[in-house]
Amino acid sequence: MSAPRIDYQAVFAVTPSPYLVLAPDLVVVEVNEAYLRATGRSREELIGHYLFEVHPDNPADPDADGVRNLDASLQRVLRTKKTDTMAVQKYDIPVSGRPGVFRAKWWSPMNTPVLGPDGEVRWIIHRVEDMTEFVLTRPLRPKPDAGREREAMEAELYTRARELQHLNEELREAHDRERRTALTLQEAMLHSPDLAGHREIAVRYMPAARSLNVCGDWYDVVDLSADTFTVAVGDVVGHGLEAAAVMGMLRSALSAAVRAISEPGRAMDVLSLYARTFEGALATTAAKAVVDTRHQRITYTSAGHPPPVLARPDGTVDLLDQATNPPLGLVIDHLPRPQATVSYTPGDTLVLYTDGLIERRDEDIDVGLRRLTDTLGRHTSLGPDHLADTLLSRLGVADGGGDDIALIVVRL
């Protein structure tokens, strides 16, 4: 039995909370009945009009800042593509049919972006809760000076709301500064000078949507000789600055090891021993491949990491899964890590990635792996940059996912 089709327009119309839908230029495109009741406006007065033309500040209130605060919130939504919750706002509304007359109102607003297929903001849902009754509610036991008491309470609540608004703005600014600092540090740690000489290599780096937006995944490209280079990806357990710091140490250690020891298995051994010296590095996964362009072969190894993928121009795809060992630092008895070699033909595509590209909470990781190989098989003729973007899009993480993602696409 198929599920009944839902009339979402009808559902929106009767939703009990007041909702307004805005285009990116802040023109009202839709409104529900609850919003019309809360504001006393008609659809004709709102739809098709610029938001702040129909909801201006009260000119009789010299302290009115509703337009400024709401516009700042909406611009944050357009810029960050994330929901923005505002503090309680005093935002008087015009009385319909009475030009110049405003009614005092307090609101609790939330602005939520609706993204289109291209990842850009298509609409903004502006939801408000009318807090006026709460603000103006008298005490249960009226007192002789109840009028003054209500005025005092109004002033106190309004002052507290403004203070909260200003505090929220200060916290956002502090968070933005900290995030910019963290991203600058991480960008420096991920700097790969040799990458600039490889037009046939595309990389993508997408932290999960969390806190400072920094992570413990990494990628690296290192030239070993005129006809040999190595590519690597890794994934430190956790997120945030601590994971990013561990990532920087491990990435640097592996980059140094592979310059001294060209065999990827032995280089990974060195990294595993190093990882055992500090707790934050344990259970890190990594994959490394050395590409020999003269002999057209790839030598690779994996420390508990999803297998690299080799795609042929005819659409066939091979998983490079013949040299896998446990994650870094987990092997107690030191045994040489395995490595395997596979030949390639010019025009083949090598892809290394971290599990954020393929892993989803509600499905087995093999499902995501098949999705990756199927996409590669259908689109292997694309150039590296276009293919990298296509993989992110077709695997549903073009705007980031629930986990960090590092991706390397190499046209051989």
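Bear in mind that the values here come from a model prediction, so they are computed numbers and not experimental data.

Calculation rules
- Residues numbered from 1 in each chain as written.
- Predicted model: local features only at pLDDT ≥ 70, side-chain atom pairs only at ≥ 80, totals over all residues.
- Heavy atoms only, no water.
- Phe/Tyr/Trp six-rings, centres within 6.5 Å; stacked < 30°, edge-to-face > 60°.
- Buried < 20%, exposed > 50% of the residue type's maximum accessible area, 1.4 Å probe, protein only.
- Helix = DSSP H or I, 4+ residues; strand = E, 2+ residues; numbered from the N terminus.
- Lys NZ or Arg CZ within 6 Å of the ring centre and 35° of its normal.
- Salt bridge = Lys/Arg side-chain N within 4 Å of Asp/Glu carboxyl O.
- Axes fitted to C-alpha atoms, helices over the stretch in contact; angles between N-to-C directions.
- Parallel < 35°, antiparallel > 145°, perpendicular 65-115°, else oblique.
- Left-handed = near helix turned anticlockwise from the far one by under 90°.
- Contact = heavy atoms within 4.5 Å.
- Nonpolar A, V, L, I, M, F, W, Y, C, P; charged D, E, K, R; others polar.
- Core = buried A, V, L, I, M, F, W, Y, C linked by side-chain atoms within 4.5 Å.
- Pairing = 2+ DSSP bridges.

> Please explain the packing of aromatic side chains as it appears in this structure.
The geometry of an aromatic ring pair is captured by two quantities: the separation of the ring centres and the angle between the planes. Counted by the stated rule, this structure contains 3 aromatic pairs. Relative to Phe 52, the ring of Tyr 50 has its centre 5.7 Å away and its plane inclined at 80°; by these criteria the two rings are edge-to-face. For Tyr 50, a relative accessible area of 32% gives the class partly exposed. Pairing Tyr 205 with Tyr 219 gives two aromatic rings, centres 6.2 Å apart and planes at 70°, and the pair type is edge-to-face. Of this pair, Tyr 205 sits in strand E9 (residues 201-206) while Tyr 219 sits in strand E10 (residues 215-225), and the two are 14 residues apart along the sequence. Here the guanidinium or amino end of Lys 90 rests over the ring plane of Trp 106, the centre of that ring lying 5.4 Å away.

> Got a minute to help me understand the pattern of salt bridges in this structure?
Two side chains of opposite charge can pair, provided their charged atoms sit close to one another. Summed over the entire model, instances satisfying the criterion amount to 19 salt bridges. With its nearest N and O atoms 3.0 Å apart, the salt bridge here joins Lys 90 to Asp 92. The exposure class of Lys 90 is buried, given its relative accessible area of 16%. Among the ionic pairs, Asp 385 bridges to Arg 204, the shortest N-O distance being 3.1 Å. Linking Asp 385 in helix H11 (residues 384-394) with Arg 204 in strand E9, this pair joins segments that are 181 residues apart in sequence. Each of the salt bridges in this network shares a partner with another, and the network as a whole consists of Asp 61, Lys 90 and Asp 92.

> Sorry, what's going on with the packing of helix H10 (residues 365-379) against H11 here?
Packed helices, taken two at a time, are described by their axes: the angle between them and the distance between them. Taken N-terminus to C-terminus, the directions of H10 and H11 make an angle of 140°; their axes are 10 Å apart at the nearest point. By the angle between their directions, the pair H10 and H11 is classed as oblique. Handedness of the H10/H11 crossing: right-handed. Residues Arg 371, Leu 372, Thr 375, Leu 376, Arg 378 and His 379 of H10 lie in contact with H11, whose contacting residues are Leu 387, Thr 390, Leu 391 and Arg 394. Its residues assigned to classes, the contact of H10 with H11 comprises 4 nonpolar, 3 polar and 3 charged.

> Just to check I follow, could you spell out the nonpolar core for this structure?
In globular proteins that are soluble, nonpolar side chains generally tend to be buried together. Residues Ile 201, Val 231, Leu 250, Ile 298, Leu 350 and Ile 408 are the most contacted members of the largest nonpolar core, which totals 45 residues. Tallying contributions element by element places helix H8 (residues 240-260) first for this core, with 7 residues. Excluding residues within four positions of it along the chain, Ile 201 makes contact with Leu 195, Val 221, Phe 229, Val 231, Ile 408, Val 409 and Val 410. Of all hydrophobic cores here, the second largest spans 22 residues; its members include Leu 20, Tyr 35, Val 77 and Val 121.

> Could you clarify how one ought to interpret the environment of Ala 244 in this entry?
With respect to the helices, strands and loops of the structure, Ala 244 is situated in helix H8. By relative accessible area, Ala 244 is classed as buried at 4%. Once the C-alpha coordinates of Ala 244 and Trp 218 are considered, the two residues, 26 residues apart in sequence, prove to be 8.9 Å apart.

> Can you walk me through the sheet that holds strand E18 (residues 349-353) in this structure?
Strand pairing within a sheet occurs via backbone hydrogen bonds; the two strands may be parallel or antiparallel. Spatially, E9-E19-E18-E14-E15 is the arrangement adopted by the 5 strands of the open sheet, whose pairing is antiparallel. Looking at which strands have only one partner, the edges of the open sheet turn out to be E9 and strand E15 (317-319). Here the average twist between neighbouring strands, direction ignored, is 15°. Here 3 bridges tie strand E14 (residues 309-311) to E15, and the two strands are oriented antiparallel to one another. Each bridged residue has a counterpart across the sheet, and for Ala 311 the counterpart in E15 is Val 317. Strands E14, E15 and E18 of the sheet are contacted by H10, whose axis makes an angle of about 145° with E15. Strands E9, E18 and strand E19 (405-411) of the sheet are contacted by H11, whose axis makes an angle of about 145° with E19.

Function cannot be read off these values alone, since they describe shape.
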